[in-house]
2 protein chains.
Amino acid sequence: MPDGDFRKALLGAARKNRSWICVGLDPDPGRFPRGFSRTPTGALSFLLDIVMATKNHVCAYKPNIAFFERWGARGLKALKELIDFIPADIPVILDAKRSDIGNTSANYAKAAFEHFMADAVTLNPYLGFDSIEPFIRYGDKGIFLLCLTSNPSAADFQKQTIALETGEKLKLYQLVARKAAEWNKSGNVGLVVGATHPSELAEIRQMIPDDMPLLIPGVGAQGGDLEESLKAGANSRGELAVVNVSRSVLYASSNDDFAEKAKAEIEKLARSCAGALSAIKSGAAGE
Amino acid sequence: MPDGDFRKALLGAARKNRSWICVGLDPDPGRFPRGFSRTPTGALSFLLDIVMATKNHVCAYKPNIAFFERWGARGLKALKELIDFIPADIPVILDAKRSDIGNTSANYAKAAFEHFMADAVTLNPYLGFDSIEPFIRYGDKGIFLLCLTSNPSAADFQKQTIALETGEKLKLYQLVARKAAEWNKSGNVGLVVGATHPSELAEIRQMIPDDMPLLIPGVGAQGGDLEESLKAGANSRGELAVVNVSRSVLYASSNDDFAEKAKAEIEKLARSCAGALSAIKSGAAGE
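Please read all numbers here as calculations on a predicted model, not as lab measurements. (Residues numbered from 1 in each chain as written. Chains lettered and ligands numbered in written order. Predicted model: local features only at pLDDT ≥ 70, side-chain atom pairs only at ≥ 80, totals over all residues.)

A.B. asks: Got a sec to walk through the packing of helix α8 (residues 198-207) of chain B against helix α9 (residues 226-233) of chain B? Specific residues and values, please.
C.D. replies: The packing of two helices is summarised by the inter-axis angle and the distance between the axes. Residue and element names in this part refer to chain B. For the pair α8 and α9, the least separation of the axes is 8 Å and the interaxial angle reads 25°. The orientation of α8 relative to α9 falls into the category roughly parallel. Relative to α9, α8 is oriented so that their crossing is right-handed. Judged by residue contacts, Pro198, Leu201, Ala202 and Arg205 of α8 engage Glu228, Ser229, Ala232 and Gly233 from α9. (Axes fitted to C-alpha atoms, helices over the stretch in contact; angles between N-to-C directions. Helix = DSSP H or I, 4+ residues; strand = E, 2+ residues; numbered from the N terminus. Parallel < 35°, antiparallel > 145°, perpendicular 65-115°, else oblique. Left-handed = near helix turned anticlockwise from the far one by under 90°. Contact = placed C-beta atoms within 7 Å.)

A.B. asks: An account of unusual backbone geometry is needed here, citing residue identities and associated values.
C.D. replies: One non-glycine residue, Leu240 of chain A, lies in positive phi territory at about 65°. Within the secondary structure layout, Leu240 of chain A lies in the loop between α9 (226-233) and β10 (241-245). Backbone geometry at Met117 of chain B places phi at a positive 60°, although glycine is not the residue there. Considering the arrangement of structural elements, one finds Met117 of chain B in the loop between α5 (102-115) and β4 (120-123).

A.B. asks: Lay out the interface of chain B and chain A with the relevant residues and their values.
C.D. replies: Tallying the contact residues gives 50 residues for chain B and 50 residues for chain A. Elements that contribute at least two residues to the side of chain B that touches chain A include exactly α3 (66-69), α4 (73-85), α5, α6 (129-136), β6 (161-163) and α7 (172-183) of chain B. By residue number, the principal contributor to the side of chain B that touches chain A is α5 of chain B, which donates 7 residues. Looking at the side of chain B that touches chain A residue by residue, the classes come out as 22 nonpolar, 17 polar and 11 charged. (Nonpolar A, V, L, I, M, F, W, Y, C, P; charged D, E, K, R; others polar.)

A.B. asks: Explain the relation of the copies chain B and chain A to me, using residue names and the numbers behind them.
C.D. replies: Overlaying chain B with chain A gives an RMSD of 0.0 Å, the required rotation being 180° about an axis along which the chain moves by 0.0 Å. A rotation of that kind, with that shift, is consistent with a two-fold axis. Looking at the interface residues of chain B, 100% of them are also at the interface in chain A, so both copies use one shared face. (Least-squares fit on C-alpha atoms with pLDDT ≥ 70 in both.)

A.B. asks: Just give me the short version of the packing of helix α2 (residues 40-54) of chain A against helix α4 (residues 73-85) of chain A, but keep the residues and values in it.
C.D. replies: Residue and element names in this part refer to chain A. The N-to-C vectors of α2 and α4 enclose an angle of 20°; their axes lie 9 Å apart at closest approach. Relative to α4, α2 is oriented roughly parallel. The two elements α2 and α4 meet at a crossing, and its hand is right-handed. For the pair formed by α2 and α4, the contact residues are Pro40, Thr41, Ala43, Leu44, Leu47, Leu48 and Val51 on the first element and Arg74, Gly75, Lys77, Ala78, Glu81, Leu82 and Phe85 on the second. Across the contact of α2 with α4, the residue classes break down as 9 nonpolar, 2 polar and 3 charged.

A.B. asks: I'd like a rundown of the sheet that holds strand β5 (residues 142-148) of chain A, residues and numbers included.
C.D. replies: Strand pairing in a sheet takes place through backbone hydrogen bonds and is either antiparallel or parallel in direction. Residues and elements named next belong to chain A. A sheet is described by the order of its strands in space; here 8 strands give the open sequence β2-β1-β10-β9-β8-β5-β4-β3, paired in parallel fashion. Two strands close off the open sheet at either side, each with one partner strand: β2 (60-63) and β3 (93-98). The mean inter-strand angle of the sheet, taken between neighbouring strand axes irrespective of direction, is 30°. Along the sheet face, helix α8 (residues 198-207) touches β5, β8 (189-193) and β9 (214-216) and points at about 165° away from the line of β8. (Pairing = 2+ DSSP bridges.)

A.B. asks: Tell me about the sheet that holds β4 of chain B, residues and numbers included.
C.D. replies: Residues and elements named next belong to chain B. The sheet built from 8 strands is open, its strands ordered β2-β1-β10-β9-β8-β5-β4-β3 with parallel pairing. Pairing within the sheet leaves two strands with one partner each, and these edge strands are β2 (60-63) and β3 (93-98). Sheet twist, expressed as the average angle between the axes of neighbouring strands with direction ignored, equals 30°. Pairing of β4 with strand β5 (residues 142-148) involves 4 bridges; the strand directions are parallel. Paired with Thr122 across the bridge in β5 is Phe144. Relative to the sheet, α6 contacts β4, β5 and β8 (189-193), its axis offset from that of β5 by approximately 150°. Set on the sheet, α7 makes contact with β5 and β8; between it and β5 the angle comes to about 160°.

A.B. asks: Give me the confidence of the model for chain A: which residues, what numbers.
C.D. replies: Summary statistics for chain A give a mean pLDDT of 95 and a share of 97% for residues scoring 70 or more. The complex model carries a pTM of 0.97, and its ipTM stands at 0.96. (pLDDT = per-residue confidence, 0-100.)

A.B. asks: Tell me about the environment of His197 of chain B, residues and numbers included.
C.D. replies: Residue and element names in this part refer to chain B. Positionally, His197 belongs in the loop between β8 and α8. Using a count of 25 C-beta atoms within 10 Å as the deciding quantity, one classes His197 as buried. For the pair His197 and Gly218, spaced 21 residues apart in sequence, the C-alpha separation works out to 9.2 Å. (Buried ≥ 20, exposed ≤ 12 C-beta atoms within 10 Å, placed from the backbone.)

Rendered as structure tokens:
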């Protein structure tokens, strides 16, 4: 089913739940609430409770495979059970930041889309088009290319100035955004831009097609601001800015009330999100 | 044990086996010899036979985790058993091309070094220093940063020209090589440079410390030349150019003689390697 099925699912969940908040399912055993073992089984039980508590207020879930891979096979088994448990109408973005040369990348694509049955995946663009193409080929799945990441060292390479052969100068992350738009023949490519770079986020939104989704991590613990990210990242319809939160929801309490506290936190975030986006929409309607 | 333990192990294996050839353990079920099932168990049995046939003629093994991850938990279980089986005096380079923001990257480092017990890992530099630092911290383990990869699309970003603030211009892959040398405080950083770029390989060897290892994929099926890669990639002592071969050894025959044929192929490669390197050494001795 080519042409934008992931995007349709994402829009569907966001409209139904009136939320552009994505919850990052990143189990940190050191922070599990009381009563959960620091094992893959403990992580799975804990995350199933988090999904139950938050599922009416999110547009997507984003498990980061690193937090499962640390346990090897047992971790990946827990990850698969977690993804199987997430309601079918909420898309799952597998945060994997994978990429390799073509024939190897095809194996990563099989893992993400045919084994874990994720709806979308994050990828690292450093190896160029042929490393991304095996994923793009799954036309009904989403691809988020790392563009400008939320960490301080993003500046090491991503913010360097590229001098193109044509004489034009632009930043490396801007070149990645431009290539993503070029490679988006099936309408299934998006970008990852950290909430810690609000002005660049607004600038990238202007560079890309209006219907290209942005995945925005870095709100909360890393210092990015929710409302500012939504305003900068949303398209002209006030949509397709997927803001990820993780620690503030997952570890809202270390006691038995952790699920209630997670629910209260995601409700608060979804309300802030609706507020910020209605301002954009009424602005657009008034133009 | 900081300062170069991976490098010592690598030098030890290369000297003992008189070979700078690394065998890439990348199971492609479509090409398994007769009699092996196209499952993680089949892959494991096949690769154990390959290790037995080649272990006296390699300096390292390099399993690529993508070929195991495609099977999820069962694949990772097979990968762990494979690594456990490899003789302790032959270093294992886990080809994972991982990276993420700092606290997440620490989980990937745990997976590679504490779960799979690999001796070295390949990493993608796009996220910058703080994504690499959690790996560098394991001072006795090796890190190979992707610099210039063997695939055709390497040119998309890696060969772009960077205009530094100082006015200096260099290619992105050259900036990665320079940063790697800067970040190499514990003496455990190396680079991945594809055999498909022989002139850039020679140029990168000149840019980096003499005791920094290069991992060189792309010989054989991808078109790189063994002797040329060794001459361009070896240091002044004719060492530390780790040339990876995979398909020509693993799939030397699809019949019952696959292990004998793999052994004959690796012996031939090791002889070519010794020949190419003795030319460098006698050149160096004559200077």
